[in-house]
Amino acid sequence: MRQWGLAFALAASVSLAACVQTKQYADLQFTPPQGDYKLLVLRPDVTVGSLTTGGMVEPRADWTDEARASIVTALRAQQAAHGGKVTIIEHRNELPGVDPQELADVERLNAAVDDSIALHKYLGDYLPTKRGNRLDWTLGEDAVRLGQKTGYDYALFLHAEDQVASGGRIALGVLGVAGCIVGFCAPNVGGQQQLDYASLVDLRTGDVVWFNVVLAESQVPGIKFGDLRTPQGAEQMVERLLGRMKPGQAVRRAQEVH
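Residues numbered from 1 in each chain as written. Predicted model: local features only at pLDDT ≥ 70, side-chain atom pairs only at ≥ 80, totals over all residues. Heavy atoms only, no water.

All right, on to the pairing of strand 3 (residues 45–51) then. Remark: a regular strand shows side chains that alternate across the two faces of the sheet. With six of its seven residues buried, strand 3 lies for the most part within the structure. Bridge count for strand 3 against strand 4 (residues 57–59) is three bridges, and the pairing is antiparallel. Counterpart to Leu51 in the pairing with strand 4 is Val57. (Buried < 20%, exposed > 50% of the residue type's maximum accessible area, 1.4 Å probe, protein only. Helix = DSSP H or I, 4+ residues; strand = E, 2+ residues; numbered from the N terminus. Pairing = 2+ DSSP bridges.)

See the structure below:
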């Protein structure tokens, strides 16, 4: 489902010319980490591609590397403002006491779980036992073992997909708009999308305790939402995704009472 499939599925419900959508889900008892917590940020899963004239997305390794570097820098700055001990892993062999293959297995498991959350919480394909605001997914013992080996309280996983419209795609969109001015509207060729989502896993239980999706989508090629290859674009994305982490519903209700 990754590599643009999920982005296209989510964007199918967006009818505006340009918009940014975001919605968080959290465990009912979730409180955003604060104080002397230990957070492990896994290597961001990033893909940046070129949106061709024909509407295909061609992944670009050089753009992806640029975007990942910008996102890691933005993550360091954003997390530094929240306190706690934060470690960002850029390569799987950087975590002492953990075999790179073991870390890769956890990352793959999380990828499958995150895709399932996005499908069932954001696309309306609800599971009978996971309706409403419940966030009832887990990485199980694999995540618990990672926490025991490293001493970290939480693991943060981040996924980002971005498209950069080619000159031909932009020109085709402009041609369609220009045609409308003289009364001969061409079919809307569709614009570009950026899909980002993040999950926070409690390494003491293995449970996913918080999840957020940000979808930026336009119907006109060339409208930009922040280029992930740039420091500014990466900073904007990280702030949208992680800047306002909300507590769970039960915690919010208790806060309202008091």
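A separate point is the packing of helix 2 (residues 61–80) against helix 6 (residues 231–242). At a closest axis distance of 8 Å, the pairing of helix 2 and helix 6 adopts a crossing angle of 50°. In terms of their interaxial angle, helix 2 and helix 6 are classed as oblique. In terms of crossing hand, the pair formed by helix 2 and helix 6 is right-handed. Across the interface between the two elements, Ser70, Ile71, Ala74, Leu75, Gln78 and Gln79 of helix 2 pack against Pro231, Ala234, Glu235, Met237, Val238, Glu239 and Leu242 of helix 6. (Axes fitted to C-alpha atoms, helices over the stretch in contact; angles between N-to-C directions. Parallel < 35°, antiparallel > 145°, perpendicular 65-115°, else oblique. Left-handed = near helix turned anticlockwise from the far one by under 90°. Contact = heavy atoms within 4.5 Å.)

The next point concerns the environment of Asp142. Mapped onto the elements, Asp142 comes out in helix 4 (residues 141–150). Residues Asp142 and Val106 lie 36 residues apart in sequence; the distance between their C-alpha atoms is 6.5 Å. Once residues within four sequence positions are removed from consideration, Asp142 is found in contact with Val106 and Leu109. Of the polar contacts made by the side chain of Asp142, one reaches the side chain of Arg145; its length is 2.4 Å. (Polar contact = N/O pair within 3.5 Å; in protein donor to acceptor, adjacent residues only side chain to side chain.)

If you walk through the whole model with that rule in mind, you get nine salt bridges. The salt bridge partner of Asp227 is Arg229, with a shortest N-O separation of 2.6 Å. Looking at Asp227, the relative accessible area reads 18%, which means it is buried. (Salt bridge = Lys/Arg side-chain N within 4 Å of Asp/Glu carboxyl O.)

Attention now goes to helix 2. Taking 1.5 Å of rise per residue, 20 residues should cover 28 Å, and helix 2 covers 29 Å from first to last C-alpha, within 8% of that figure. Trp63, Thr64, Ala67, Arg68, Ser70, Ile71, Val72, Ala74, Leu75, Gln78 and Gln79 are the residues of helix 2 that are buried. (Expected span 1.5 Å × (residues − 1).)

By the secondary structure assignment, Asp202 is in strand 7 (residues 193–202). From its side chain, Asp202 meets the backbone nitrogen of Arg204 in a polar contact 2.9 Å long. Ignoring anything within four residues of it in the chain, the contact list for Asp202 reads Asp153, Tyr154, Asp207 and Val209.

Closest axis-to-axis distance for the helix 3 (residues 100–122)/helix 4 pair is 10 Å, and the angle between their directions is 135°. Looking at the two axes, helix 3 sits oblique to helix 4. By crossing handedness, the relation of helix 3 to helix 4 is classed as left-handed. Residues Glu102, Leu103, Val106 and Leu109 of helix 3 form the contact with helix 4, whose participating residues are Asp142, Leu146 and Lys149.

The full count for this structure, using the stated rule, is one aromatic pair. Positioned above the aromatic ring of Trp63 is the side chain of Arg60, whose terminal nitrogen or guanidinium carbon lies 4.0 Å from the ring centre. Of note, Arg229 hangs over the ring of Trp63, and the distance from its end group to the ring centre comes to 4.4 Å. (Phe/Tyr/Trp six-rings, centres within 6.5 Å; stacked < 30°, edge-to-face > 60°. Lys NZ or Arg CZ within 6 Å of the ring centre and 35° of its normal.)

Right, let's get into the confidence of the model for the protein. On average, residues of the protein score 80 in pLDDT, and 73% of them are at 70 or above. Of all helices and strands in the protein, the one with the weakest mean pLDDT is helix 5 (residues 167–181) (44), whereas helix 4 scores best (96). Below a pLDDT of 50 lies the segment residues 11–16, which in the model reaches 10 contacts outside its immediate sequence neighbourhood of four places, other chains included. Taken as a whole, residues 166–190 scores under 50 in pLDDT and shows 30 contacts with residues more than four places along the chain or in a different chain. (pLDDT = per-residue confidence, 0-100.)

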